[in-house]
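What the coordinates show
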Amino acid sequence: MGKLRRSSFRTRRTLATGVLMALMCLGLSLLFLMYVGGKEDDNALHQGLMAWSKVEPQIRQGTLPSLLPHDDDEAIQVLDANGTVVAATSQLTGAPPMVSFHPTNEKLSTTQVLCPPAGLSGCKTVTSINVYQPDGIWSMHVATPTVPWYGTTTAVFLAVGTSLLVTTAVSCWVFRDISKAVAPVTAIQRQLADISAAQLERRVPVPVPYNTYEEVRVLAETVNGTLDRLEAAYERLRRFTSDASHDLRSPITAMRLQLDEALTYPQDADWPKVATAVLAGVDRLQAIVTDLLTLAKLDAGAPLSGEPTDLGALAAAELDQRAHGAKIVRRIEEGVCVDCDRLRISRVLVNLLDNAERHTASQISVTVRAENGTAVMEVLDDGDGVAVADRERVFERFTRLDAARDRDSGGTGLGLAIAREIAQAHAGTLTIEDSDRGARFVLRIPQCPPRARTTEAPQESPAERPIPRRRLERLTAIVMNGRRQVAPHETNPAR
């Protein structure tokens, strides 16, 4: 079916080009033939004038022979003032006057087409010329072959042959050129049709630059680039699925073993301890599932509820409300404003702190500062650090590193991946940078754009506003009556 469509495309383009060239050649041929016909008319007129220039002196000198010389395609008659034929060419010997018209209105000559003139056969163009003599007006009639508008048959054959040759040549060239352009596209289509999920390593052929159009080569390179990204994404998805299955299966297996053992020996089981262990496994499963859902939302491009936020105040509030297993050193600047989703940026800090607490030796440093229009938040631990070669791998989902920073030490293996996704959703970055000791995670997001300052009149605080007299009297009455009455529109429902 695809081949039929491709052939149809070539056929349509070739036919369209052929028709266009045929119309152009037709127009040019008509102009050529009209030009040739005009030239033939001019030649016939010139031939008649030449005959007149030869015969007219003989008439005036009285030396006119009765038999006039002539060319093969012309006939001449000379009539005296009485209308008697006094001289003629051989084909008109003894013939009556071939025309009866004469120039009028003092014209020297007049021309008509007769089919045929008297004494001749076929259509002729006859020119009648007056020759003024002492005894009256003599007439000379010159008949030449009638020239059609297209000139000659040779000109017609030449125009038709040239038109057919040009139309055929251009159509064949267009067909060959389109076939040449479609061939690599066909190869690309066939290769793409054969690629499946099990053969993502295959690539489409890239045409040789000098042997095809640049656009087709760029198309092939773009398709191969897309296949590269698709293969990389599929490989990441495969690893992610495998790791997620392993991480979900591990706590489920542990819980199943604990429950099987307890059910096998129920009289010896410490059921509160079993319940506590199973609950810990459920908590781990819940944490993994929650992180997976968070990543799914981030991958789907869930909208951000951005609002101007003091990043330093946000970090300080998060540090104040959580218990720490290590010493926290704060280096927080105030007034570092960012447009961000407060809950998600708090999640970044929480994930970085959780990671740092699992791997620190004794101390964690949290820094917030402004740097060239960028808000910077750093979390630095004093643990073993991350090797330079692994600084990007730690942000991959369910990445396994060495035992010193293994995710099984309490994390789900998704916290850093979530943190980076949140940073990128805020048009920022999250990277690991060099430090003297430990791992130094650096978050960079754009600061708030500067806002023009406006001068506003100071507003009274609610405590400074005077209470209206009517309301004051009503409140006094409520207190005096020992009961609390509130109008329906003043009620505040409990939150």
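Looking at an unreviewed UniProt entry, the chain carries the name histidine kinase, with the source organism given as Herbidospora galbida. According to the UniProt record, the Catalytic activity (unreviewed entry) comment for the chain is "ATP + protein L-histidine = ADP + protein N-phospho-L-histidine." UniProt annotates the chain under Subcellular location (unreviewed entry) with the comment "Cell membrane".

Using the criterion set out here, one finds two disulfides in the structure. Residue Cys115 pairs covalently with Cys123 via a disulfide, S to S 1.8 Å. Negative torsions about the S-S bond denote left-handed disulfides, and the value of about 115° found for Cys115 with Cys123 makes this one right-handed. Its relative accessible area of 52% is what places Cys115 among the exposed residues.

Moving on, we come to the side chain of Asp382. Looking at the secondary structure, you find Asp382 in the loop between strand 10 (374-381) and helix 7 (415-425). No salt bridge is formed by the buried Asp382, whose closest oppositely charged neighbour, Arg437, lies at an N-O distance of 4.9 Å. A polar atom in the side chain of Asp382 sits 2.4 Å from the side chain of Thr360. There is a polar contact of 2.8 Å between the side chain of Asp382 and the backbone nitrogen of Ala361.

This part takes up the environment of Ala181. Residue position: Ala181 is located in helix 2 (residues 153-194). Its relative accessible area of 16% is what places Ala181 among the buried residues. Here the alpha-carbon distance between Ala181 and Val216, two residues 35 residues apart in the chain, equals 7.6 Å.

Before going further, it helps to spend a moment on the nonpolar core. The biggest cluster of nonpolar side chains holds 43 residues, and the ones touching the most others in it are Leu311 and Ile364. Two domains each provide a minimum of three residues to this core, namely domain 2 (196-302) and domain 3 (307-446). Excluding residues that lie within four positions of it along the chain, Leu311 makes contacts with Val336, Val338, Ile345, Val368, Ala375 and Met377. Judged by nonpolar contacts, the second largest core, of twelve residues, contains Ala51, Val55, Ile59 and Val78.

Let us look at the sheet that holds strand 11 (residues 429-433). Judged by pairing direction, the sheet is mixed, and its five strands sit side by side in the order 7-9-10-12-11 without closing on themselves. In this open sheet, the two strands that pair with only one neighbour each are strand 7 (327-332) and strand 11. Averaged over all pairs of adjacent strands, the angle between strand axes in this sheet comes to 15°, irrespective of strand direction. Relative to strand 10, strand 9 (residues 363-371) runs antiparallel, the two being bridged by eight bridges. From the neighbouring strand, Ser365 faces strand 10, where its bridge partner is Leu380.

This next bit is on the environment of Ala316. One can find Ala316 in helix 5 (residues 311-320). According to the relative accessible area criterion, Ala316 is buried, its value standing at 19%. The spacing of Ala316 and Glu333 is 17 residues in sequence and 9.9 Å in space, taken between C-alpha atoms. Apart from residues lying up to four places away in sequence, Ala316 is in contact with Arg330 and Ile332.

The next subject is the packing of aromatic side chains. Under the counting rule described, the total for this entry stands at one aromatic pair. Judged by centre distance (6.1 Å) and plane angle (80°), the ring pair of Phe395 and Phe441 falls under edge-to-face. On the criterion of sequence distance, the pair formed by Phe395 in the loop between strand 10 and helix 7 and Phe441 in strand 12 (residues 440-446) is long-range, its members being 46 residues apart. Each member of the pair, Phe395 as well as Phe441, is classed as buried. Sitting over the ring of Phe395, Arg420 keeps its end group 4.0 Å from the ring centre.

Further remarks concern helix 5. Buried residues dominate helix 5, accounting for seven of its ten residues. Buried residues of helix 5: Leu311, Gly312, Leu314, Ala315, Ala316, Glu318 and Leu319, and no others. In this structure, the buried side of helix 5 is in contact with strand 6 (307-310), strand 7, strand 8 (337-340), helix 6 (342-359), strand 9 and strand 10. Looking at where helix 5 begins, the residue whose side-chain oxygen comes 3.0 Å from the main-chain nitrogen of Gly312 is Asp310.

What counts and how
- Residues numbered from 1 in each chain as written.
- Predicted model: local features only at pLDDT ≥ 70, side-chain atom pairs only at ≥ 80, totals over all residues.
- Heavy atoms only, no water.
- UniProt positions renumbered as here; feature names shortened; annotations may be inferred.
- Disulfide = S-S within 2.5 Å.
- Buried < 20%, exposed > 50% of the residue type's maximum accessible area, 1.4 Å probe, protein only.
- Helix = DSSP H or I, 4+ residues; strand = E, 2+ residues; numbered from the N terminus.
- Lys, Arg positive; Asp, Glu negative; His and termini not counted.
- Salt bridge = Lys/Arg side-chain N within 4 Å of Asp/Glu carboxyl O.
- Polar contact = N/O pair within 3.5 Å; in protein donor to acceptor, adjacent residues only side chain to side chain.
- Core = buried A, V, L, I, M, F, W, Y, C linked by side-chain atoms within 4.5 Å.
- Domains from an automatic or database assignment.
- Contact = heavy atoms within 4.5 Å.
- Pairing = 2+ DSSP bridges.
- Axes fitted to C-alpha atoms, helices over the stretch in contact; angles between N-to-C directions.
- Phe/Tyr/Trp six-rings, centres within 6.5 Å; stacked < 30°, edge-to-face > 60°.
- Lys NZ or Arg CZ within 6 Å of the ring centre and 35° of its normal.

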